[in-house]
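Spelled out from the first residue to the last, the chains are:
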Amino acid sequence: MRTLRVLFTTVTFSVVAMLNPAHAEVLKVAGPWEITGIDPAQTGYVFSRLQVAETLVTANHDGKLVPALADQWSVSGDGLTWRFTLRENARFHDGGPVTAEAAAASLERALAGVGVLSQAPLADITSEGRDVVVRLTKPFSALPAYLVHFSTIVLAPSSYDATGKVTQIVGSGPYKVKSLTAPARLELQASDRWWGGKPAIEEVSYLAVGQGETRALMAESGEADLVFSMLPVSVDRLKANPKLDVQIATIPRTRILKVNAASPFFDQVEERQAISAAIDRVGITKVILRNADLAATQLFPPAMQGWNSREIQPLVRDVARAKELLVAAGWKAGSDGILEKDGERFSVTLLTYSSWPELPPIATALQAQLRQVGIEVKVSVGNSSEIPARHQDGTLEMGLISRLYSIVPDPVGTLLQDYGAGGSDWGSMGWDNKEIQSVVERLAATSDAAARAPLQGRALEILQQELPSIPITWSELAIVSNKRITGVTVDPLEVNYGLSAIRWAE
């Protein structure tokens, strides 16, 4: 055991040494998110959260839409034409002005890709003077919220090659890219061209570290000044450290089981309902998350006003009911206790990833709980990129994922993406429900709260009954900062980490 501990410590400090601690004035940031590429649709969230690139619109910590590159916007009376007026003093890191023409071209490239804009009813994106003009084929009230999404970051023309491929990230935020060593390391330098003024801290070094306990050790040793996504088991220990500050916020993120509803294991609603009834959510949240209030009785957490309903029957554990549902779906116990139907064992692979450190232990708990109802689960821990890859090639059976529902501040954006025709990389798979598609499209067309309320209620009923995604737990985000810095805040929407507001403590 002592040998293993020494080996672990050696590996840990060989990793954190990459942060170059010899340079005392570098803000050292550690998080679980790898930089697997520079295409905005793929890893734009890294560059937007670290304030390298900006969107036209952003959201404050309460979820209210506020200006970013566009300082104002308006919509025509018929709801078909939106105008986003750019700030006069915004400039790209290469010195060029952020023009409406450049912004429109950047958004056109986003529209042509796989980002959320492809879900919106866009006719065209043009520029007129300082205005980015977006024309729609039908009213779509959620458009400004869509323009908060990281895939819509506005990049300089110099970011693209002749074919329109992104070859470098030249944004307009308070920090510019100094160097990028994918997938783990990103070095940033303060920009003196930012419209909000030059940040107080000159240099930032970000390191992607997948293991939660390694990140905790980095915070304790001072090898990282700011650390994101801590394991609950580490938080209590870190709170006792007088050199550290720990902040925790409930966030609109849910850990869900993504199941392939086209497979013979999950193609009947009774099978998905049985999976849900077999899960001990309270036990998982008490033991692994240290907070029983995070047991997900429905898809959206209580903090998401209007999207968490007291009217629908909550998801609870009922092992007897789970077994009844499986029998009703045609499954019978084999000689070893594992269910069988038509000569096939109910044996599936559950894929998850460690960038959210609590996912692997939750997967192990699910494995044991589903075994109690005759389902054999093989847990595979890989990279988060494997989930969308195996969605696309159809080989995913089950995936335990962490899904953020404020990725577009209006949850309608995520619902359109996740439960539209064909589903999405992080949403439904093999599940095609015309009613919810119609309901969500009607939600997207109006901002009238009275008109939206019954539609939201019906969408929640369908998701609770059909369970194309099976909720497991709601989420908190824990951030640890060294007391040598100040100005650290937790963004519950995970849109912006506010690096520009951080300063060295006096």
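Positions within a chain are numbered from 1, following the residues in the order the chain's sequence is written. Two thresholds apply to this predicted model, a pLDDT of at least 70 for residue-level local features and 80 or more for giving and counting side-chain atom pairs, whereas whole-chain, interface and lining totals are computed over all residues. The side-chain values count all of the structure's non-hydrogen atoms but skip hydrogen atoms and water molecules.

Segmentation into domains, and thus their bounds, comes from an automatic or database assignment. We note that the domain assignment places domain 1 (22-52 + 173-243 + 483-505), domain 2 (57-157) and domain 3 (252-475) within the protein chain. Computed from C-alpha atoms alone, the centre-to-centre distance between domain 1 and domain 2 is 26 Å. Any pair of residues with heavy atoms lying within 4.5 Å of one another is described as a contacting pair. Facing the 18 residues of domain 1 at the interface are 22 residues of domain 2. Looking only at domain 1, the three residues that lose the most surface to domain 2 are Pro-40, Arg-193 and Trp-195, adding up to 42% of its buried area. Between Lys or Arg on one side and Asp or Glu on the other, a salt bridge is scored when a side-chain nitrogen of the former is within 4 Å of a carboxyl oxygen of the latter. Our count for the contact surface shared by domain 1 and domain 2 stands at zero salt bridges. Values labelled buried area give the accessible surface lost by two parts on being combined, using a 1.4 Å probe and summing over both.

Right, let's get into the sheet that holds strand S14 (residues 339-341). Taken in spatial order, the three strands line up as S13-S14-S15 in an open sheet, and their pairing is antiparallel. For this open sheet the edge positions go to strand S13 (332-333) and strand S15 (344-345), each flanked by a neighbour on one side alone. Bridge analysis of S14 against S15 gives two bridges, and the strand direction is antiparallel. Note on S15: the bridge partner recorded for Glu-340 is Arg-345. When DSSP finds at least two bridges between two strands, those strands are taken to pair. Strands here mean DSSP runs of E at least two residues long; helices mean DSSP runs of H or I at least four residues long; both are numbered from the N terminus.

Here we take up the side chain of Asn-291. Among the secondary structure elements, Asn-291 is positioned in the loop between helix H8 (281-289) and helix H9 (319-328). Between N or O atoms, a polar contact is any pair within 3.5 Å; within protein, one atom must be a potential hydrogen donor and the other a potential acceptor, and residues adjacent in sequence are included only when both atoms are from side chains. At 3.0 Å, the side chain of Asn-291 forms a polar contact with the backbone nitrogen of Asp-293.

Right, let's get into the packing of aromatic side chains. Classification of ring pairs uses Phe, Tyr and Trp, with its six-membered ring standing for Trp, and accepts pairs whose centres are within 6.5 Å; under 30 degrees between planes counts as stacked, over 60 as edge-to-face, and the remaining range as tilted. Evaluation of the coordinates by the stated rule reveals 18 aromatic pairs. Geometrically, the ring pair formed by Phe-300 and Trp-307 is edge-to-face, given 5.5 Å between the ring centres and 65° between the ring planes. Just as Phe-300 is buried, Trp-307 falls in that class too. Pairing Tyr-353 with Trp-426 gives two aromatic rings, centres 6.2 Å apart and planes at 75°, and the pair type is edge-to-face. Of the two residues, Tyr-353 is situated in strand S16 (residues 347-353) and Trp-426 in the loop between helix H12 (412-419) and helix H13 (434-444); the sequence distance between them amounts to 73 residues. Of the residues examined, Tyr-353 reaches a relative accessible area of 3% and is grouped as buried. Here, a charge over a ring is recorded when the distance from Lys NZ or Arg CZ to the ring centre is within 6 Å and its angle to the ring normal is within 35 degrees. Positioned above the aromatic ring of Trp-33 is the side chain of Arg-49, whose terminal nitrogen or guanidinium carbon lies 5.3 Å from the ring centre. Working definition: with a 1.4 Å probe on protein chains only, accessible area under 20% of the residue-type maximum means buried, over 50% means exposed, and in between means partly exposed.

This next bit is on the pattern of salt bridges. Scanning the entire structure with this criterion turns up 26 salt bridges. In this structure, the salt-bridge partner of Arg-237 is Glu-213, at a minimum N-O distance of 3.0 Å. Here Arg-237, found in helix H6 (residues 232-239), pairs with Glu-213, found in helix H5 (residues 212-221); they are 24 residues apart in sequence, far enough to count as distant. Judged by relative accessible area, Glu-213 falls into the partly exposed class, the value being 27%. The salt bridge partner of Lys-434 is Asp-432, with a shortest N-O separation of 3.2 Å. In this structure Lys-434 comes out as exposed when scored by relative accessible area, which is 55%. Of the residues examined, Asp-432 reaches a relative accessible area of 46% and is grouped as partly exposed. Among the ionic contacts, a cluster of salt bridges with common partners joins Arg-83, Asp-124, Glu-128, Asp-131 and Arg-135.

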